[in-house]
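# Commentary on secondary and tertiary structure
The chain contents come next:
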Amino acid sequence: MTEFTCTRCGHSDRQPLGTRPFNDERGARIAAEVCTECWEDWKQRQMLLINHYGLNLRDRKARDFLYRNLDAFLFDTGDQADIDDSLEGSVSW
Ligand SMILES: [Zn+2]
């Protein structure tokens, strides 16, 4: 087994995601560099963002917004959108 260290959390005792969540360069990078736990964390965050901002994923701008946040979340590429915690519990699922 080759040594794996997650780019996001820095743990080296976890498993890489291994499968590409997207069929592109970003997906390949995530599969190789991000652990399964961090990917689960992102999926939780993505759900929050979708609900918080009422994102319609058929909308290209909404997808771009999510990708920007994904990159920031997993690869620390910049600022993440804020989720107002005071609204917690009032966001409909
Ligand atoms: Zn990780």
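The following refers to the structure shown. (Residues numbered from 1 in each chain as written. Predicted model: local features only at pLDDT ≥ 70, side-chain atom pairs only at ≥ 80, totals over all residues. Heavy atoms only, no water.)

## What to know about the coordination of the zinc ion
This is how it is decided: Note that water is not among the atoms considered, so a metal site may appear incomplete; the donors listed are N, O and S atoms within 2.8 Å of the metal, with 3.2 Å applied to Na, K and Ca. Here a site with four donors is tetrahedral if all angles are between 85 and 135 degrees, and a site with four or six donors is square planar or octahedral if opposite donors are over 155 degrees apart and the other angles are between 65 and 115; anything else gets the irregular label. In this description a helix means any DSSP run of H or I spanning at least four residues, a strand means any run of E spanning at least two, and both kinds are numbered starting from the N terminus. The buried label goes to any residue with under 20% of its type's maximum accessible area, the exposed label to any with over 50%, and the partly exposed label to all in between, with areas taken from a 1.4 Å probe on protein chains only.
Within the protein, the atoms that donate to the zinc ion are Cys6 (SG), Cys9 (SG), Cys35 (SG) and Cys38 (SG), at distances of 2.3 Å. Metal-centred angles of 103 to 115 degrees between the four donor atoms at the zinc ion mark the site as tetrahedral. The sequence pattern describing where the donors of the zinc ion fall on their chain is C-x2-C-x25-C-x2-C. With Cys9 in the segment before helix H1 (25-33) and Cys35 in the loop between H1 and helix H2 (36-53), the pair connects residues that are 26 residues apart, well separated along the chain. Assessed through its relative accessible area of 28%, Cys9 is described here as partly exposed.

## Digging into H1
Quick reminder of the rule: What the arc covers is the set of directions going from the helix axis to the C-beta atoms. Only heavy atoms matter for contacts: two residues are in contact if any of them lie within 4.5 Å across the pair.
Within H1, the full set of buried residues consists of Gly27, Ile30 and Ala31. All buried residues of H1 lie within an arc of 100 degrees about the axis, which places them on one face of the element. Exposed and facing more than 90 degrees away from the buried side of H1 are Glu25 and Ala32. Check the buried side of H1 and you find it contacts H2 and helix H3 (60-75).

## A few points about the packing of aromatic side chains
A ring pair, where both rings are aromatic, is described by two values, the distance of the centres and the angle of the planes. Keep this limit in mind: Pairing of aromatic rings covers Phe, Tyr and the six-membered ring of Trp, with a centre-to-centre limit of 6.5 Å; geometry is then stacked below 30 degrees between planes, edge-to-face above 60, and tilted otherwise. The rule is short: NZ of Lys or CZ of Arg within 6 Å of the ring centre and within 35 degrees of the ring normal puts a charge over the ring.
Applying the stated criterion across every chain yields a total of four aromatic pairs. Between Phe22 and Tyr67, the aromatic rings sit 5.2 Å apart at their centres with planes inclined by 85 degrees, giving edge-to-face as the arrangement. A residue pair is termed long-range when its members are at least 10 positions apart, and Phe22 in the segment before H1 and Tyr67 in helix H3 qualify at 45 residues. On the basis of relative accessibility, which here comes to 24%, the residue Tyr67 falls in the partly exposed class. Ring geometry for Trp42 against Phe73: centres 5.6 Å apart, planes inclined by 50 degrees, an arrangement best described as tilted. With Trp42 in helix H2 and Phe73 in helix H3, the pair connects residues that are 31 residues apart, well separated along the chain. You'll find Trp42 and Phe73 in the same group, each marked buried. Positioned over the ring face of Phe73 is Arg8, at 4.0 Å from the centre of the ring.

Honestly, that's just the spatial picture; any functional story needs more than this.
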